[in-house]
Amino acid sequence: ASENFEQGFSYLMEENYDEAVPLLARAVHLAGGNARYRAYYGKALAGNRNTYRQAEAEFQAALRLDADNTDYRLMLGELYVNIGLFKRAEAELQRVVEKAPNNWEARSLLDSLRNK
């Protein structure tokens, strides 16, 4: 699982979603209880409009496993912004800011939502 994840993560960082998705999916299949694998699989799925709902499900699964992880919550918030679910995005980003007040990325995105 870790080998698949590392390879998939490398592709994801290069924004090569087509190569990342199957490797990250395999990592999740082999170790579904790993929140990090699920979150980054979700991030890879979020790179394709056709898999937004599946991406949301993976982020939710990651947060069920690691509810306090602000990175995963930020990724979910970004997905919600991308698909136009602004109220959901605002709620997720607010949770990030409450737990990590110095998270400038979440603050910036939250401010941009509130100024619309």
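Located above this text is the structure these notes cover.
Please read these numbers as outputs of a predicted model, since none were measured by experiment.

Colleague: I'm lost on helix α7 (residues 104–114) in this one. Help?
Modeller: Each turn of an α-helix holds 3.6 residues, which means side chains three or four residues apart point in the same direction. Among the residues making up α7, those that are buried are Ala106, Leu110 and Leu113. For α7, the angular spread of the buried residues around the axis is 60°, confining them to a single face. Looking at the packing, one finds that the buried side of α7 touches α5 (70–82) and α6 (86–99).

Colleague: Just checking my understanding: could you explain the side chain of Glu58 for this structure?
Modeller: Here Glu58 lies in helix α4 (residues 52–65). A distance of 2.8 Å separates a polar atom in the side chain of Glu58 from a polar atom in the side chain of Arg38.

Colleague: Explanation requested: the pattern of salt bridges in the structure shown.
Modeller: For side chains of opposite charge, pairing can occur when their charged atoms come near one another. Counted by the stated rule, this structure contains seven salt bridges. Ionic pairing is found between Glu56 and Arg53, a salt bridge with its closest N-O pair at 3.1 Å. Of this pair, Glu56 and Arg53 both sit in helix α4, separated by three residues, roughly a single helical turn. By relative accessible area, which is 12% here, Glu56 ends up buried. Owing to a relative accessible area of 53%, Arg53 belongs among the exposed residues under this scheme. For Glu90, the salt bridge identified is with Arg114, shortest N-O distance 3.4 Å. A residue pair is termed long-range when its members are at least 10 positions apart, and Glu90 in helix α6 and Arg114 in helix α7 qualify at 24 residues. Judged by relative accessible area, which is 24%, Glu90 ranks as partly exposed. Judged by relative accessible area, Arg114 falls into the partly exposed class, the value being 45%.

Reading the values: the criteria
Residues numbered from 1 in each chain as written. Predicted model: local features only at pLDDT ≥ 70, side-chain atom pairs only at ≥ 80, totals over all residues. Heavy atoms only, no water. Buried < 20%, exposed > 50% of the residue type's maximum accessible area, 1.4 Å probe, protein only. Helix = DSSP H or I, 4+ residues; strand = E, 2+ residues; numbered from the N terminus. Arc of directions from axis to C-beta. Contact = heavy atoms within 4.5 Å. Polar contact = N/O pair within 3.5 Å; in protein donor to acceptor, adjacent residues only side chain to side chain. Salt bridge = Lys/Arg side-chain N within 4 Å of Asp/Glu carboxyl O.

In short, geometric facts, not functional conclusions.
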